[in-house]
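Structural features, examined
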Amino acid sequence: MTDGTTRQTRVTTSHWGAFEVETDGDRIVATRPFAEDPNPPRIPDILPAAVHHASRVARPSIRAGWLKDRSRQGRGHEDFVELPWDEALDIAAQEIARIRDTHGNEAIFGGSYGWSSAGRFHHAQSQVHRFLNSIGGYVASFGSYSTGCAQSIMPHVFGVNFLKMLYEHQDGWQAIHDYTETLVMFGGINPKNAQVSMGGITRHETASWFDRFAAKGMTRVNIGPQRGDAPEGCDWIPVRPGSDTAFMLALAHVLESEGLADQDFLGRYCTGYARFRPYLMGETDGQPKTPEWAAPLCGADPQVIRDLARRMARTRTLITVAWSLQRAEHGEQPYWMSAVLAAMLGQIGLPGGGVGYGYGAIGGVGKSLIGMRGMTFSQLENPVKTVIPVARIGDMLRNAGQLYDFNGRRQPYPDIRLVYWAGGNPYHHHQDLNALHEAWKTPETVIVNEPWWTATAKRADIVFPATTPYEREDIGRSNMDDYLFHMPQLIPPVGEARDDYDIFAGLAARIGAGDAFTEGRTSGEWIPQLYAEYRQLAAAQGIEVPDLDGLRAMNWMRLPIQDPEPNKTLFAPFRDDPEGAALGTPSGRIEIFSETIAGFGYDDCPGHPVWLPPSEWLGAATQAAPLHLVSPQPGDKLHSQLEAALADVEGARPERVLIHPEDAASRGIATGDIVRVFNARGACRARAVVSEDILRGVVALPTGAWLGDPGGNIDPHGNPNVLTRDVGTSRLGQGCSAHTALVEVALGEA
Ligand SMILES: Nc1nc2c(c(=O)[nH]1)N[C@H]1C(S)=C(S)[C@@H](COP(=O)(O)OP(=O)(O)OC[C@H]3O[C@@H](n4cnc5c(=O)[nH]c(N)nc54)[C@H](O)[C@@H]3O)O[C@H]1N2
Ligand SMILES: Nc1nc2c(c(=O)[nH]1)N[C@H]1C(S)=C(S)[C@@H](COP(=O)(O)OP(=O)(O)OC[C@H]3O[C@@H](n4cnc5c(=O)[nH]c(N)nc54)[C@H](O)[C@@H]3O)O[C@H]1N2
Ligand SMILES: [Mo]
């Protein structure tokens, strides 16, 4: 749409969905909601300010000390020298080649975890992986910060790929609406988080579904530390973070002791209940896992637990578990135990019954839509086979050559000399950032592609300015969505920014791998090529999409994809035919006891689910650190993205911390006060919000505030990862355990 001046409005998409962008010449001047989205996020409001922010990286930059004599000291402290592109690319290419030729590709860490931006071609992580593969490979990472622990434990329990189960097989919202009578949500289901999905969900409907659940009279129970984790109107059973396994065991104890457990289901579809039952009933350790036992651990009333267990047995019940529960020490246990609890209820395989994971974590879960794949830019083959669990990067940098356990294997950490990051912000996402800063001194060189001077860019040696999606053409689509977008180049690159593709093409050419990386194409040639492949794939499925010029003219289209199975039910085929549709576990059944896991001999993840108190939780509160910190996802943005401009908004930083009135009163804290949140690992500032909606003893500080510059002993903006623990969930999952942390809060800035 043009109004005769230089103003134009077009649609683009992102991980938080589609939105309109108004440009005036080479500037983005406004964003507006996408008309087809019933519940459009406000996240893009700040985007014009962020894209043109002074904190954009203007030109290739190399840290002064590194440029002078490759000094590793001063990483994060020193000024950068700006260089012309050719010179900076020459220097970086020489350094990459030097490290590869001296230490081998095993010395290059290219895991480069992070969400970067939507858009199928210019996906930064795919680009960096392809580049590193074109020059001989790199050390990669397994799993995600989101679900790393679940990705390791759940295949042992259900014999399926965890993410495939979630996105392709779990009951959709329609089935839940039609069949579920009681929805038991551990960690809630939060429409705030469902705004976001990989590649974007165009119609944000989670909140509308909850309105329909309420209208139908469905019982909706949120179990966790915060009322606000579920939509308004849900019942709330406040429980302490890290205690869910005790709560679930108590529910299981009621089922078993009152004859409510479905013994037929347990016998026919499961293995190992006979090994688990003695533990549950206290025959092995003298401690029956009764509601009275669980009550002081989780802070819930025993009668509330008993009533809920009876109700769950009486009605069609879906247990849902937020990803946050496995982003904690022993995160394997609530995940496994929720499966056991669902098995005891005997409703697995019935519509609207059983168990499901990550509803509300991202918008795609529950959408019940499996769209077409395609538009994938190949990352090529990685000849290096060394892979670390994604959240173990600090351990890797600290412990080169040392052995560690991971899901039944024992392997050494590689000796990393070069770190290349594109599309992620480890100084946002990693735990115990002060400890990371020490570990970060070990590699010889750190190279980062970034649009903004993030904390990670500031702690690199070489920084290449990358474009944002608004500065390049791309195609937007997600498997979990029924829209297709042409993402036009809206403005020219800001400063001297280049696309990741062009940065890597420039480096690859200098290392003699130009053809391997580009296959002789520019990005302007790759997009038509990949789109043509996608179009063919679509045609083969009977779906007609226009050619690229046609899509360019349309900007976006709704795809005529219908879920072939809107009422699909997780594990229904298995329920119908347990032999013919046996699960992929060693027994072919749901494993309540796993011989495989027992065989690993891990005391932090034995052969059946158990209650293992975390090392930091309210049951182990100390005088120095009496409060439990949870660090949820921010509602007003995606992780640390767009933070540059958000931080400018009056009163927005430091980030807000939610605290219970009694905890606030005993510390003399009122809403709006600047406080210090601290423990032995670090300290940050935050702005207090006093609220009854959080359990006493718990504080919630969202992630995403940019870490301040090194040197100070307090982070001024409120980044919770100066407080969190950098320890794997267990030797089995080795996931991120961010939600396990004790802190103290005090009035004042000091
Ligand atoms: N305490 C605590 N910590 C957590 C969590 C928690 O619950 N608590 N959650 C964890 C989870 S689940 C996750 S997923 C992580 C998220 O952590 P990240 O995914 O690392 O966070 P983002 O801020 O999305 O980082 C993406 C970066 O890519 C940059 N970028 C965007 N587009 C482009 C591009 O086209 N090219 C390049 N080169 N760069 C681009 C952005 O500017 C941004 O700096 O955080 C984890 N950390
Ligand atoms: N707006 C927005 N949405 C996002 C993101 C974003 O950055 N912004 N990030 C996306 C990403 S990458 C991910 S992985 C998902 C994450 O999705 P989740 O893992 O579901 O989200 P969190 O926000 O970490 O945690 C949800 C809630 O869990 C509760 N909780 C913490 N510990 C416990 C516990 O031990 N027991 C119980 N019962 N509850 C607990 C906390 O109160 C917290 O508010 O969110 C996605 N959605
Ligand atoms: Mo995540």
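Residues numbered from 1 in each chain as written. Chains lettered and ligands numbered in written order. Predicted model: local features only at pLDDT ≥ 70, side-chain atom pairs only at ≥ 80, totals over all residues. Heavy atoms only, no water.

**Comments concerning the domain arrangement of the protein chain**
For the record, the criterion: Domain extents, as shown, originate in an automatic or database domain assignment. Contacts were defined at the residue level, with two residues in contact if any of their heavy atoms lie within 4.5 Å. A simple way to read buried area is as the amount of 1.4 Å-probe accessible surface that goes missing from two parts once joined, with both sides added. A pairing counts as a salt bridge when a side-chain nitrogen of Lys or Arg comes within 4 Å of a carboxyl oxygen of Asp or Glu. Polar contact is defined as a pair of N or O atoms within 3.5 Å, subject to the rule that within protein one atom must be able to donate a hydrogen and the other to accept it, and that residues adjacent in sequence are counted only when both atoms are side-chain atoms. What counts as a helix is a DSSP run of H or I of at least four residues, what counts as a strand is a run of E of at least two, and both are numbered from the N terminus. Under the scheme applied here, ten amino acids are nonpolar (Ala, Val, Leu, Ile, Met, Phe, Trp, Tyr, Cys and Pro), four are charged (Asp, Glu, Lys and Arg), and all others, including Gly, are polar.
When the domains of the protein chain are assigned, the result is domain 1 (61-65 + 80-143 + 381-558), domain 2 (148-366 + 570-600) and domain 3 (618-747). Between the C-alpha centres of domain 1 and domain 3 the distance comes to 30 Å. On the side of domain 3, 29 residues touch domain 1, which itself brings 28 residues to the contact. Across the domain 1 to domain 3 interface the summed buried area is about 2300 Å²; carbon plus sulfur atoms make up 51%. Counting the surface domain 1 buries against domain 3, the share from its top three residues, Arg392, His428 and Gln431, is 27%. Taken together, the connections running from domain 1 to domain 3 amount to 4 salt bridges. A salt bridge links arginine 392 to aspartate 726; the shortest N-O distance between them is 2.6 Å. Counting across the domain 1 and domain 3 interface gives 17 residue pairs in polar contact (both at pLDDT 80 or more). At the level of secondary structure, the elements contributing two or more residues to the side of domain 1 that touches domain 3 comprise helix 16 (393-398), strand 15 (403-406), helix 17 (426-429), helix 18 (433-439) and helix 19 (455-458). Of the residues that constitute the side of domain 1 that touches domain 3, the class distribution is 10 nonpolar, 12 polar and 6 charged.

**Some remarks on the site of ligand 2**
Note the following rule: Whether a residue is near a molecule or strand depends on its heavy atoms: it is near if one of them lies within 4 Å of it. The accessible surface values rely on the Shrake-Rupley method and a 1.4 Å probe; as for residues, cover is taken only from the protein chains in view.
Close to ligand 2 lie 31 residues; Asp229, Gly242, Asp244, Arg327 and Lys637 are nearest. Measuring from a nitrogen atom of ligand 2, one finds a backbone N or O atom of lysine 192 at 3.2 Å. Between histidine 739 and ligand 2, the recorded distance is 3.1 Å, taken from a side-chain N or O atom to an oxygen atom. Bound to the protein, ligand 2 loses 97% of the 920 Å² it would expose on its own. Looking at the shell around ligand 2, the elements that each hand over two or more residues are helix 8 (191-194) and strand 9 (219-224). Partitioning the shell around ligand 2 into residue classes produces 14 nonpolar, 12 polar and 5 charged. Viewed by domain, the shell around ligand 2 spans two of them, domain 2 (148-366 + 570-600) and domain 3 (618-747), each represented by three or more residues.

**Structural notes on the site of ligand 1**
Close to ligand 1 lie 34 residues; Ser117, His429, Glu450, Asp500 and Ser640 are nearest. Taking arginine 327, its side chain carries an N or O atom lying 2.9 Å from an oxygen atom of ligand 1. In the environment of ligand 1, an oxygen atom lies 3.0 Å from a nitrogen or oxygen atom belonging to the side chain of histidine 639. In isolation ligand 1 has 920 Å² of accessible area, and contact with the protein removes 99% of it. For the shell around ligand 1, the secondary structure elements donating two or more residues are helix 17 and strand 18 (445-450). For the shell around ligand 1, the residue count by class is 8 nonpolar, 22 polar and 4 charged. Counting contributing residues per domain, the shell around ligand 1 is built from domain 1 (61-65 + 80-143 + 381-558) and domain 3 (618-747), each supplying no fewer than three.

**A few points about helix 14 (residues 302-314)**
Put simply, the rule reads: Multiplying one less than the number of residues by 1.5 Å gives the expected span of a helix. Accessible area is worked out with a 1.4 Å probe on protein chains only. A residue is then buried under 20% of its type maximum, exposed over 50%, and partly exposed in between. It is the directions from the helix axis to the C-beta atoms that the arc portrays.
With 13 residues, helix 14 ought to run about 18 Å at 1.5 Å a step, and its terminal C-alpha atoms sit 19 Å apart, in line with that. Those residues of helix 14 not exposed but buried are Ile305, Arg306, Leu308, Ala309 and Met312. The buried residues of helix 14 occupy an angular sector of 165° when projected down its axis, which confines them to one face. Its side-chain oxygen placed 2.8 Å from the backbone nitrogen of glutamine 303, aspartate 301 serves as the N-cap of helix 14.

**With respect to the sheet that holds strand 22 (residues 556-558)**
Selection criterion: The rule for pairing is simple: two strands pair if DSSP sees at least two bridges between them. Axes here mean lines fitted to C-alpha atoms, for a helix over just the part in contact, with angles spanning 0 to 180 degrees between N-to-C directions.
The antiparallel open sheet is built from 3 strands, whose spatial order is 20-21-22. Edge strands, defined here as strands with exactly one partner in the open sheet, are strand 20 (474-477) and strand 22. With strand direction ignored, the average angle separating the axes of adjacent strands in the sheet is 10°. Inspection of the sheet shows strand 21 (residues 483-487) paired to strand 22 by 3 bridges, in the antiparallel sense. Looking at strand 22, one finds that leucine 484 is bridged to methionine 557. Packed on one face of the sheet, helix 22 (residues 523-540) meets strand 20 and strand 21 and runs near 30° to strand 20.

**Things to note about the packing of helix 5 (residues 148-158) against helix 15 (residues 332-345)**
Rules: Small angles under 35 degrees read as roughly parallel and large ones over 145 as roughly antiparallel, with 65 to 115 read as roughly perpendicular and the rest as oblique. Helix crossings get a hand from a simple test, with the near helix turned counterclockwise from the far one by less than a right angle marking a left-handed crossing and a clockwise turn marking a right-handed one.
The interhelical angle for the contact between helix 5 and helix 15, taken along N-to-C directions, is 30°, at an axis separation of 9 Å. With respect to their mutual orientation, helix 5 and helix 15 come out roughly parallel. Crossing hand, helix 5 versus helix 15: right-handed. Facing helix 5, whose interface residues are Cys149, Ala150, Ile153, Met154, Val157 and Phe158, helix 15 presents Glu332, Tyr335, Trp336 and Ala339.

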